[in-house]
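Listed below are the residues making up each chain.
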Amino acid sequence: MSAGTYTPRPGAAPLPRMIAAQTALETRMLLRNGEQLLLTVIIPTLLLVLFSAVDIVDTGSGASVDFLAPGILALAVMSTAFTGQAIATGFERRYGVLKRLGASPLPRWALMTAKTLSVLVTEVLQVLLLTAIALTLGWSPQGNPLSVLLLLVLGTAAFSGLGLLMAGTLKAEATLAAANLVFLLLLVGGGVIVPLDKFPDAVQSVLGLLPISALSEGLRDVLQNGASMPWAQAGILAVWAVLGLGAAAKFFRWE
């Protein structure tokens, strides 16, 4: 039997190709899920259009969309990196999908990398869509795009770590309930739609330390006020990212 009988040779594909294939699969699954689309696309879009067109909340001087658009971008990041990823990963863990994938040639760290890349791909689509809608509504963004990119990446890391921590430690049903509850609470109290200065002074300092508040206020400083880089908000997001990803790596259970 010649050496070239078995062509191509059996074996695992190169690691970058496996990660790319898993990323594409994760992205397709996310975009085909009705609940995920509701969280990642429909709710942020409706909130942006509704609160920009109807004067429900006092957003201060200037056009409402200038205040709302940065907060809705932050909400989109949270909905994908935290809420959506926590729910999807929690049920994959419950049904044994993660256990089976963990036994495949794809290393576990590479599987988490693929999930993170899938989140980033989805966020790019969200940002493009919401930006187009906001511009149609009269949004006039300012500031440095690189500062916006850094804030979005830090926010993604922070929310992704918290989502994986929740999915890897709680039961799937508990993750579903907790993730949706946190989403609603942070939507109201995270500076997304209601300015933080509308809350009592004693509460503002606490709310300002939340990752959604840091992300929405940081994006608002850049896109509405033209700030160069809000380092205080970036630092808060970095701390949440380190704590969340570190805790997820330590306590995540695959079964």
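Quick caveat, the model's predicted, so the values are computed rather than measured.

Cut-offs and rules
- Residue positions are given per chain, counted from 1 along the sequence in the order it is written.
- The model is predicted, so local features are restricted to residues of pLDDT at least 70 and side-chain atom pairs to those at 80 or more, both for listing and for counting; the totals for chains, interfaces and linings are taken over all residues.
- The basis for every side-chain value is the complete set of heavy atoms in the structure, and neither hydrogens nor water enter the calculation.
- Think of a 1 Å grid over the protein atoms and nothing else: a 1.4 Å probe that fits but is trapped marks a cavity, an open set flanked by protein within 12 Å on at least five of seven lines marks a pocket, and residues with an atom within 4 Å of a point count as lining.
- Grid points are joined across faces, edges and corners, and a volume is the space filled by probe spheres set on the points.
- Numbering of helices and strands runs from the N terminus, with a helix taken as a DSSP run of H or I at least four residues long and a strand as a DSSP run of E at least two residues long.
- Gly falls in the polar group here, along with every residue not listed as nonpolar (Ala, Val, Leu, Ile, Met, Phe, Trp, Tyr, Cys, Pro) or charged (Asp, Glu, Lys, Arg).
- The definition of a polar contact used here is a pair of N or O atoms within 3.5 Å, where within protein one atom must be able to donate a hydrogen and the other to accept one, and adjacent residues in sequence count solely through side-chain atom pairs.
- Only heavy atoms matter for contacts: two residues are in contact if any of them lie within 4.5 Å across the pair.
- For every residue, the accessible area obtained with a 1.4 Å probe (protein chains only) is divided by the maximum for its type, and the residue is called buried under 20%, exposed over 50%, and partly exposed between those limits.
- Side-chain rings of Phe, Tyr and Trp (the six-membered ring for Trp) are treated as a pair once their centres are within 6.5 Å; stacked means planes under 30 degrees apart, edge-to-face means over 60, and tilted covers the remaining angles.
- The rule is short: NZ of Lys or CZ of Arg within 6 Å of the ring centre and within 35 degrees of the ring normal puts a charge over the ring.
- UniProt positions are given in the numbering used here, feature names are shortened, and annotations may be inferred rather than shown by experiment.
- Candidate patch residues must exceed 30% relative accessible area and have no salt bridge, after which like charges are joined if within 9 Å and Val, Leu, Ile, Met, Phe, Trp or Tyr side chains if within 5 Å.
- Only the protein chains shown count as cover for residues, and the accessible areas themselves come from Shrake-Rupley with a 1.4 Å probe.
- Salt bridge, as used here: a side-chain nitrogen of Lys or Arg that lies within 4 Å of a carboxyl oxygen of Asp or Glu.
- An expected span of 1.5 Å times one less than the residue number is assigned to each helix.
- This arc describes the spread of directions from the helix axis toward the C-beta atoms.

### Examining the layout of surface pockets
Space left empty within the atom packing is revealed by a probe, the size of a water molecule, rolled over the atoms.
Phase 1: Taken as a whole, the largest pocket encloses approximately 360 Å³ of empty space.
Phase 2: If you trace the largest pocket, you find 19 residues lining it, with Asn-33, Gln-36, Ala-88, Thr-89 and Glu-92 closest to the centre.
Phase 3: Per-element tally for the lining of the largest pocket: the top contributor is helix H3 (residues 64-94), with seven residues.
Phase 4: Tallied by class, the residues present in the lining of the largest pocket amount to nine nonpolar, six polar and four charged.

### Comments concerning the side chain of Thr-80
Phase 1: Within the fold, Thr-80 resides in helix H3.
Phase 2: There is a polar contact of 2.6 Å between the side chain of Thr-80 and the side chain of Gln-126.
Phase 3: When neighbours within four sequence positions are excluded, Thr-80 is seen to be in contact with Thr-40, Gln-85, Val-119, Thr-122, Glu-123 and Gln-126.

### A word on the side chain of Thr-175
Phase 1: As for its placement among the helices and strands, Thr-175 is situated in helix H7 (residues 172-189).
Phase 2: Residue Thr-175 is classed as buried on the basis of its relative accessible area of 0%.
Phase 3: At 3.5 Å, the side chain of Thr-175 forms a polar contact with the backbone oxygen of Met-166.
Phase 4: Apart from the residues lying within four places of it in its own chain, the contact partners of Thr-175 are Ala-86, Ile-87, Met-166, Ala-167 and Leu-170.

### Topic: the packing of aromatic side chains
Phase 1: Taken as a whole, this structure holds one aromatic pair when the rule is applied.
Phase 2: Aromatic pair Phe-91 and Tyr-95: ring centres 6.1 Å apart, planes at 35°, arrangement tilted.
Phase 3: Across from the ring centre of Phe-67, 3.8 Å away, lies the NZ or CZ of Arg-220, which sits over that ring.

### So, the UniProt feature "transmembrane region" (unreviewed entry) in the protein
Phase 1: Under the local residue numbering, the UniProt record ascribes the feature "transmembrane region" (unreviewed entry) to residues 37-57, 69-91, 117-140, 146-167, 174-196 and 231-252.
Phase 2: Spanning residues 117-140, this segment combines 83% helix with 0% strand, and its end C-alpha atoms are found 29 Å apart.

### Points about the environment of Gly-62
Phase 1: Structurally, the position occupied by Gly-62 is in the loop between helix H2 (34-53) and H3.
Phase 2: Classification of Gly-62 as exposed rests on a relative accessible area of 60%.
Phase 3: Considering only alpha carbons, one finds Gly-62 and Pro-145, 83 residues apart in sequence, at a separation of 21 Å.

### Some details on a nonpolar patch on the surface
Phase 1: Judged by side-chain polarity, Leu-31, Val-121 and Leu-125 come together as a nonpolar surface patch covering roughly 220 Å² of accessible area.
Phase 2: Here Val-121 lies in helix H5 (residues 108-136).
Phase 3: Of the residues examined, Val-121 reaches a relative accessible area of 38% and is grouped as partly exposed.

### Points about helix H1 (residues 15-32)
Phase 1: Taking 1.5 Å per residue, 18 residues should reach 26 Å; H1 reaches 26 Å between its end C-alpha atoms and fits that length.
Phase 2: Met-18, Ile-19, Gln-22, Thr-23, Glu-26, Thr-27 and Leu-30 are the residues of H1 that are buried. Each buried residue of H1 sits inside an arc of 165° when the element is viewed along its axis, so together they form one side. Projecting away from the buried face of H1 at angles above 90 degrees are the exposed residues Arg-17 and Arg-32.

### Digging into the pattern of salt bridges
Phase 1: Within the structure shown, the criterion is met by three salt bridges.
Phase 2: Lys-115 is the salt-bridge partner of Glu-92, the closest N and O atoms lying 2.6 Å from each other. With a gap of 23 residues between them, Glu-92 in helix H3 and Lys-115 in helix H5 connect regions that are remote in the sequence.
Phase 3: Glu-92 sits in the buried class, given a relative accessible area of 9%.
Phase 4: Arg-220 is paired through a salt bridge with Glu-217; the nearest N and O atoms lie 2.8 Å apart. Of the two residues, Arg-220 and Glu-217 both sit in helix H9 (residues 211-223), three residues apart, roughly one turn of that helix.
Phase 5: Judged by relative accessible area, Arg-220 falls into the buried class, the value being 4%.

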